[in-house]
Amino acid sequence: MMDVALEVDPVNIAAGNKDAGISSTSTCVAKCPMDRSTAFGFYCLPLSLSDAGNKTDQVLKTLTGTSGTDFFKNVGRDLRSSWREIIYMCLVALGLSIVVTAMLRFLAPVIVWITVVLIIVASVAVTVFLWVSWHMRQQAVQRTENNNDSMSEYEKDVLKRSVTNFLIMAIVSTIFTVLTIVLLVAMRKRIKLVIALFKEAGKAIAAMPMILLQPVWTCVWLVVVCLLGVIGVLLIESSGDPTLYQGSVLFVKSSLIANLRWYHLFALLWITQFLVACQHVTIAGAISQWYFTRNKNQLGWPILTSMKRMYRYHLGSIALGSLIIALVKLVRIVLKYVEKRIGGQSQACSWALKCCQCCLWCFEKFLKFLSKNAYIEIAIYGYGFCKAAQKAFSLLVNNAFRVAAINYVGAFVLFLSKATVVISSVFIGIEIMKTREDVTYAWVPILIAAVFSYFIAHCFISVYEMTIDTLFLCFCEDCERNDGIEKPYYMSKGLMQFVENSKKALAVLEEKESQAKAWTTNVQPQNEITSTHYPAAAPLPGHAHRGMTPLHPPYPPNSFPPSPSRFITPAG
């Protein structure tokens, strides 16, 4: 810092205050003003940590009865002494996540139908509670009017408004409950498809357990990007050209440097969405390869193969999809910034901006849903993003009731699974910490373990969710491109019962399996070469008598190659 006279307010100038006369500038001072700024390295941050510390002390004294300094000392000591218990609780969460994932595969019918019953019971219970509350408040209003109670007019008005509010909520809840029950009854066969998809997802993840690590790699890259983003913010905010202003040296940012804040923010949004999209494409590629492989023993390395295809062919499509979502997010942030700048100057403008933000939030959710399914189409066929989005949208519209069942029932089941892991880990952590009487604040390590438990559960459940979505689109593509008779389905028997010609397809599949068994009859080996690869009524080929390795079909006759690679083209 330069030792110069302070003739302007560095806090207002650093914050870009218009009243200070200059925006996007910094000034050299001998010492940071202690009342409204805090020294951080060679910079004065336009905030007072002392005020924040005083407020924190007041809150901590109210909650814990100790000052902030003593509280953080005790917390540090508790963490040093209970780090083993935190690791134990994280291991418990890991074990519970594995158990829940296995239960979703083997006990899917029980879990799904219990969830459906819970949804109906909860909806009915909330509706009954609202109607009872409305009735009780209405009776209270009538008693007040008949008995001329000593309640003030304001209290009577509040009570009457509560009656109206509860009536509206009860009517809305009744409509929601009736629609929920009708939809669940109408989608009972689709709910069976959800159960079958849960079973198939468990099989796929069991065949590729390393796929559960994909969220971990994504999280690592996101942390790296966030750190680089912080460094970029520091570089932008500390830049500027030195200029003499009223006896002080100001570092004035050019318009380019000032606008780099928005470019930097947009880059962070784009890169984070790009990394998440890479995870989706990798998981979708591995799962689709598992689905379209008839002989699961010849699966190979589907995760590495999927990553290779992604890096070689699909980075452009992923970049386009993440760009669209990043743009929508940026527009939402800009609208929020404009709303904050307007403040309370115009209620109409503020209301209009809030409506726009709400619409953009809904549009962003739709884009994320559509992009996620577009990435699945990209992983299967290698389409470009626009064509993949069009194809995914067409499939989702044609299977609207199935999509509703998966997103309504399946999403709620996965949410309950995640909540079960976290809540169970917390209760087990409470029991573990009961043995540690030397820990002052037992809830601190339990809270930290709960955060890690949520992350562990999220890794398992998010992969499971993406697996179900991928299997569903693979199932839809299989139904659209094949008929199960002349063109055999790739799906398993559990999914085949949900197609229109399920009986014929199952009969053809059983006939194929019986023909395949004919290739493995009890034929004596010749020349130390097993003959299980050849038909029972056919002699061994001539090369087998010469001691050569026998040829055998890698998949049953009259079927397609065991890979979706025939659909993949270098697009995107």
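Keep in mind the model is a prediction, meaning the values are calculated, not measured. (Residues numbered from 1 in each chain as written. Predicted model: local features only at pLDDT ≥ 70, side-chain atom pairs only at ≥ 80, totals over all residues. Heavy atoms only, no water.)

Peer 1: Quick question: what am I supposed to make of the overall build of the protein chain here?
Peer 2: Counting its secondary structure elements, the protein chain contains 17 helices and five strands. Per-residue burial over the protein chain gives 39% buried out of 572 residues. Across the protein chain, contacts joining residues at least 24 apart in sequence account for 70% of those joining residues at least 6 apart. (Helix = DSSP H or I, 4+ residues; strand = E, 2+ residues; numbered from the N terminus. Buried < 20%, exposed > 50% of the residue type's maximum accessible area, 1.4 Å probe, protein only. Contact = heavy atoms within 4.5 Å.)

Peer 1: Help me out: how do you make sense of the packing of aromatic side chains in this one?
Peer 2: For any two aromatic rings, the description comes down to two numbers: the centre-to-centre distance and the angle of the planes. According to the stated counting rule, one finds nine aromatic pairs in the structure shown. Measuring from centroid to centroid gives 5.6 Å for Trp131 and Trp134, while their planes differ by 85°, and the two rings are edge-to-face. A residue pair is termed a helical-turn pair when its members lie 3 or 4 positions apart in one helix, as Trp131 and Trp134 do in helix H5 (residues 108-147) at three residues. With relative accessibility at 31%, the residue Trp131 sits in the partly exposed group. Overall, the relative accessible area of 18% leaves Trp134 in the buried class. (Phe/Tyr/Trp six-rings, centres within 6.5 Å; stacked < 30°, edge-to-face > 60°.)

Peer 1: Even after reading the chapter, I still don't get the packing of helix H11 (residues 347-381) against helix H14 (residues 443-481), so can you show me in this structure?
Peer 2: Packed helix pairs are characterised by how far apart their axes lie and by the angle those axes make with each other. Interaxial distance between H11 and H14 falls to 10 Å at its minimum, and their mutual angle equals 60°. On the basis of the axis angle, H11 is oblique to H14. Two packed elements cross with a definite hand, and for H11 against H14 that hand is right-handed. Here Lys372, Asn373, Ile376, Glu377, Ile380 and Tyr381 of H11 lie close against H14, whose contacting residues are Glu465, Met466, Asp469, Thr470, Leu473, Cys474, Glu477 and Arg481. (Axes fitted to C-alpha atoms, helices over the stretch in contact; angles between N-to-C directions. Parallel < 35°, antiparallel > 145°, perpendicular 65-115°, else oblique. Left-handed = near helix turned anticlockwise from the far one by under 90°.)

Peer 1: Looking at this structure, how should I read empty space enclosed by the protein?
Peer 2: If a probe as big as a water molecule is rolled over the atoms, it shows which places are left empty. For the structure shown, the criterion picks out two cavities of 30 Å³ or more. By volume, the largest cavity is sized at about 60 Å³. Lining the largest cavity are Phe369, Asn373, Leu396, Val403, Ile406, Asn407, Asp469 and Phe472. Elements represented by at least two residues in the lining of the largest cavity include exactly H11, helix H13 (400-433) and H14. In terms of residue count, H13 provides more of the lining of the largest cavity than any other element does, three residues in total. Across the lining of the largest cavity, the residue classes break down as five nonpolar, two polar and one charged. Roughly 30 Å³ of volume is contained in the second largest cavity. Contributions of two or more residues to the lining of the second largest cavity are made by H5 and helix H6 (153-186). (1 Å grid on protein atoms, 1.4 Å probe; cavity = no way out; pocket = protein on both sides within 12 Å on 5 of 7 lines; lining within 4 Å. Points joined across faces, edges and corners; volume = space filled by probe spheres on them. Nonpolar A, V, L, I, M, F, W, Y, C, P; charged D, E, K, R; others polar.)

Peer 1: What's the story with the pattern of salt bridges in this structure? I'm lost.
Peer 2: Pairing between side chains of opposite charge can happen when the charged atoms of each approach one another. For the coordinates displayed, the defined rule picks out ten salt bridges. Close ionic contact of Arg332 with Glu364 constitutes a salt bridge, the shortest N to O distance being 2.6 Å. With Arg332 in helix H10 (residues 302-342) and Glu364 in helix H11, this pair connects stretches of sequence that are 32 residues apart. Here Lys434 and Glu431 are joined by a salt bridge, their closest N and O atoms 3.2 Å apart. Via salt bridges that share partners, Lys329, Arg332, Glu364 and Lys368 belong to a single interconnected network. (Salt bridge = Lys/Arg side-chain N within 4 Å of Asp/Glu carboxyl O.)

Peer 1: Any chance you could explain a nonpolar patch on the surface here in plain terms?
Peer 2: On the surface, a cluster of nonpolar side chains totalling about 640 Å² of accessible area is made up of Val99, Met103, Phe106, Leu107, Val110, Ile114 and Leu118. Secondary-structure elements contributing two or more residues to the nonpolar patch are helix H4 (83-106) and H5. With respect to the element layout, Ile114 can be found in helix H5. (Patch = residues over 30% accessible without salt bridge, like charges linked within 9 Å, V, L, I, M, F, W, Y side chains within 5 Å. Areas by Shrake-Rupley, 256 points an atom, 1.4 Å probe, with all protein chains shown as cover.)

Peer 1: Mind showing me how you'd approach H10 here?
Peer 2: Helical periodicity: at 3.6 residues per turn, an α-helix aligns residues three or four positions apart in one direction. Considering bend angle alone, the principal kink of H10 is centred on His314 and spans about 80°. Phi turns positive one or two residues past the end of H10, at Gly343, with a value near 65°. (Bend = angle between axes of the 7 residues up to and from the residue.)

Peer 1: What's the story with the state of the cysteines in this structure? I'm lost.
Peer 2: One way to say it: the disulfide is the covalent bond shared by the sulfur atoms of two cysteines. This structure, assessed with the given rule, holds zero disulfides. Looking at the unpaired Cys219, the closest cysteine sulfur is the one in Cys459, lying at 7.2 Å. (Disulfide = S-S within 2.5 Å.)

Peer 1: Help me understand the nonpolar core in this model?
Peer 2: If you look at soluble globular proteins, the nonpolar side chains tend to sit buried side by side. Ranked by size, the top nonpolar core spans 86 residues in total, and within it Phe198, Tyr291, Phe472 and Phe475 carry the most contacts. Per-element tally for this core: the top contributor is H14, with 16 residues. What Phe472 contacts, discounting residues up to four positions off in sequence, is Leu193, Leu197, Leu396, Asn399, Arg402, Val403 and Ile406. Membership of the second largest hydrophobic core comes to eight residues, among which are Leu130, Val141, Leu159 and Val163. (Core = buried A, V, L, I, M, F, W, Y, C linked by side-chain atoms within 4.5 Å.)

In short, the description is geometric, and any link to function would need to be established separately.
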